[in-house]
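Chain and residue survey
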Amino acid sequence: MKTAFLYTENFMKYDLGENHPLNPVRLKKTYDMIKKYNILDFYVEAKPVSEHDLYLAHSKEYIEAVKTEKNLEMYGFGTPDNPIFKNIFESSLYYVGASVQCSGYSRAFNISGGLHHAKRNRASGFCVFNDCVVLIKKLLEKYRRVAYIDIDTHHGDGVQEAFYTDPRILFISIHESGKFLFPGTGDTSEIGIGDGRGTTINIPLAPFTTDEIYLDMFRKIVLPITKDFDPEIIVTQLGIDTHYLDPLSHLYLTLKGYGDVIREMKKISKKWIALGGGGYNLETVPRAWALAYSIMRDVDIDFTKIYEEESKEVKKYKDLGTNAKYFADVTYKNLKGEISEYFSI
Ligand SMILES: [Zn+2]
């Protein structure tokens, strides 16, 4: 199956400032690495989203505020996380547009997308517009059941909020617990309300969670639940801030473990749209997303040397994973209690 890769130099314009962790060079480096390993399947030039489609995720009032750059402080801007930057509206349109374009393919990757914290009426966590929500709304015009799987180290709160009452979306977020990290939400007790009760799944993990613990949780929770739900297409947010070298969080995954998670995702559905997300180590991000794209395409990149180096590094801290294992066991037990009437895990 062909896997579209969305890109444009215009992604570079979503620039929150020199010292901001969400440096758009992450995207350029990923594109360069995909070209270097000669794995680009087919290239799609990303285009800006129409204002009409932005309404699928945001209020008119909020869109107008971003467009006119008036009273932005009322909408979450002007903070270190969400500074007011140059061409804020125009530059934001490309990453959402690329996600919308993905909806036209059976398999596609928009590395600039996955901005999962933006709310209907508010910027949050580096995110102006929520491309994940716009994309899922577009997919609902064609599909009856969509599974969204978010492996960013931060809880996918903006997406959860948008579909909290909607049974057509299975929302799954596996993240560092809100007890330790922004945005503070994503507890196992958050399972949806009304018709959407049981279709929101949160898997919080502790600092120093290793590949082994993470994969075990993914296999025994995400795989059976998605099998039961039987989605027609999956949308995955592939943040790589779970990596042990990431400067913003405390999970302890390696590139190898990340790749293994992507391989598990592949078992869920042939139709698959992948989005980028967090990840702030400039060496790790391009490797991880090039690897993810190569796995989507069935042409694995050989990173053996890096796997060996990283494995040696994380072994030094393996004792710290003991508490993380205990925490994961508690999460599993709590989640099982919350959702046993909806899914068998
Ligand atoms: Zn993140």
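The preceding data block contains the structure.
Anyway, here's the lowdown on the structure attached to this text.

Definitions and cut-offs
- Per chain, the residues get numbers from 1 upward, laid out in the order the sequence is written.
- Under the rules for a predicted model, residues below a pLDDT of 70 receive no local features and side-chain atom pairs below 80 are neither given nor counted, while totals for whole chains, interfaces and linings still include all residues.
- Segments assigned H or I by DSSP are reported as helices when at least four residues long, segments assigned E as strands when at least two residues long, and all are numbered from the N terminus.
- The atom set for the radius of gyration is the C-alpha atoms, and the globule formula is 2.2 Å times the number of residues raised to the power 0.38.
- Whether a residue is buried, exposed or partly exposed follows from its count of other C-beta atoms within 10 Å of its own C-beta, namely 20 or more, 12 or fewer, or something in between, respectively; the C-beta atoms are built from the backbone.
- Our contact criterion uses C-beta atoms placed from the backbone: two residues qualify when those atoms are within 7 Å.
- What we call a nonpolar core is a set of buried Ala, Val, Leu, Ile, Met, Phe, Trp, Tyr and Cys residues whose membership is set by joining through C-beta atoms within 7 Å.
- Strand pairing is assigned whenever DSSP identifies at least 2 bridges connecting the two strands.
- Structural elements are reduced to axes, namely lines fitted to C-alpha atoms, with helices fitted over the stretch in contact, and the angle between N-to-C directions of any two is expressed from 0 to 180 degrees.

The secondary structure content of the protein chain amounts to 11 helices and eight strands. What you see for the protein chain is a C-alpha radius of gyration of 19 Å, in line with the 20 Å of a compact globule of 345 residues. Judged by the C-alpha coordinates and their principal axes, the protein chain covers about 50 × 50 × 40 Å. Within the span of the protein chain, comprising 345 residues, buried residues form 52% of the whole. In the protein chain, once contacts between residues fewer than 6 apart in sequence are set aside, the share between residues at least 24 apart is 78%.

Core analysis: the largest hydrophobic core is formed by 102 residues, its most contacted members being Tyr148 and Ala292. The contacts of Ala292, once residues within four sequence positions are left out, are Leu238, Ile262 and Ala274.

As paired elements, strand β1 (residues 4–7) and strand β3 (residues 107–110) share three bridges and run parallel to each other. Across the sheet, Phe5 pairs through a bridge with Phe109, a residue of β3. Two strands pair when backbone bridges link them, and β3 and strand β8 (residues 272–275) are joined in this way by four bridges, in the parallel orientation. Paired with Asn110 across the strands is Leu275, a residue of β8.

Our focus in this paragraph is the sheet that holds β3. The pairing of strands in a sheet happens through backbone hydrogen bonds and is either parallel or antiparallel. Read from one edge to the other, the open sheet built from eight strands follows the order β2-β1-β3-β8-β7-β4-β5-β6, with strand pairing classed as parallel. The outermost strands of the open sheet, each flanked by one partner alone, are β2 (42–45) and β6 (200–205). For this sheet, the mean inter-axis angle between neighbouring strands, taken without regard to orientation, is 15°. Pairing geometry for strand β4 (residues 146–150) and strand β5 (residues 169–176), over five bridges, is parallel. Each bridged residue has a counterpart across the sheet, and for Asp150 the counterpart in β5 is Ser173.

Cis geometry marks the peptide bond from Phe182 to Pro183, where omega comes out at 0°. Among the secondary structure elements, Pro183 is positioned in the loop between β5 and β6. At Asn38, a residue that is not glycine, the phi angle is positive and equals roughly 55°. As for its placement among the helices and strands, Asn38 is situated in the loop between α1 (25–36) and β2. By the C-beta count within 10 Å, which is 7 here, Asn38 ends up exposed. In this structure, Asn87 is a non-glycine residue whose phi angle is positive, near 50°. For Asn87, the location among the structural elements is in the loop between α3 (60–68) and α4 (88–102).

Turning to its location among the elements, Lys67 is positioned in helix α3. Spatially, the C-alpha atoms of Lys67 and Glu90 are 8.0 Å apart, while their sequence positions differ by 23 residues.

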